[in-house]
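One-letter residues, chain by chain:
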Amino acid sequence: MECDGDCRWLRPAPRSGVPAVLHATGKDDWATPPDVVAFAESVSGGAFDVDAAALRSTAKARDYYGPDHVDLGRRDFLQAYWGITLGTRVWCNPPYSRAAGGLEVWCSTFYTLACMGVQVTALIFARTETLAWHEYVAHAADVYFFKSRLSFVDPVTGKKRHPAPAPSALVVWRPGYDGPPRYHHVRRGPTGAWEVSP
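Residues numbered from 1 in each chain as written. Predicted model: local features only at pLDDT ≥ 70, side-chain atom pairs only at ≥ 80, totals over all residues. Heavy atoms only, no water.

(A) Structural context of the pattern of salt bridges. Taken as a whole and judged by the stated rule, the model has six salt bridges. With a shortest N-O distance of 2.6 Å, Arg188 and Asp35 are connected by a salt bridge. Taken together, the residues span a long stretch of sequence, with Arg188 in strand β7 (residues 182-188) and Asp35 in helix α1 (residues 34-44) at a distance of 153 residues. Across the pair Asp49 and Arg62 runs a salt bridge whose closest N-O atoms are separated by 3.1 Å. Of this pair, Asp49 sits in the loop between α1 and β1 (50-51) while Arg62 sits in the loop between β1 and β2 (63-64); the two residues are 13 residues apart in sequence, bridging distant segments of the chain. Take Asp49: its relative accessible area is 18%, and that puts it in the buried class. (Salt bridge = Lys/Arg side-chain N within 4 Å of Asp/Glu carboxyl O. Helix = DSSP H or I, 4+ residues; strand = E, 2+ residues; numbered from the N terminus. Buried < 20%, exposed > 50% of the residue type's maximum accessible area, 1.4 Å probe, protein only.)

This is the structure:
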């Protein structure tokens, strides 16, 4: 379905009673494995222009937003995303804690950006029962479900940790597209790289 310009621009209010952290470690700074980023670039049209939630050492694009950015106005993407320009390709592996905004707020922002002409590719947990999935992922163009759980990278050691406590999905919101998404299954190919299952 094409977006008719009447896309929802509402940011949901945080809900009470939701666990503060949705993963086992309590950390919000896990980095995305390089092979997952390579796959994301391959299905998103090339390298990303902006990483919406990173540290300088873990950014997956030439420009980033994050808590260690030298420009104080670029430390919180959720507060400063209005400066993103038409045609920009945004990458995000958002922090999953409520303190960092929560998945619902991040997905609402991604959908809003797509309505503004920005392509957003996000790596999120495949928690399809959540409001974020029903209200915002439902408007994405493509959803890629990984066959196995991903192992994220510790930003301090640079090493992959044990598999995540939940399955992951890559969600792509494209300008002018207002759902429903096309669903794809992703597995490791013969070379070990991620690929869409035939």
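(B) The packing of aromatic side chains, seen in detail. By the definition in use, this model includes 11 aromatic pairs. Geometrically, the ring pair formed by Phe39 and Tyr144 is edge-to-face, given 5.6 Å between the ring centres and 85° between the ring planes. In this pair, Phe39 is assigned in helix α1 and Tyr144 in strand β5 (residues 142-146), connecting sequence segments 105 residues apart. We note that Phe39, like Tyr144, is buried. On the basis of an interplanar angle of 45° and a centroid distance of 6.4 Å, the ring pair of Tyr111 and Tyr136 is categorised as tilted. Remark: Tyr136 occurs in the loop between α4 (131-135) and β5 and Tyr111 occurs in helix α3 (residues 102-115); sequence separation between them is 25 residues. For the pair Tyr111 and Tyr136, a shared accessibility class is recorded, and that class is buried. One cation-aromatic arrangement involves Arg74 over Tyr65; the distance from NZ or CZ to the ring centre is 4.2 Å. A cation over an aromatic ring shows up here: Arg182 above the ring of Tyr177, its NZ or CZ 5.1 Å from the ring centre. (Phe/Tyr/Trp six-rings, centres within 6.5 Å; stacked < 30°, edge-to-face > 60°. Lys NZ or Arg CZ within 6 Å of the ring centre and 35° of its normal.)

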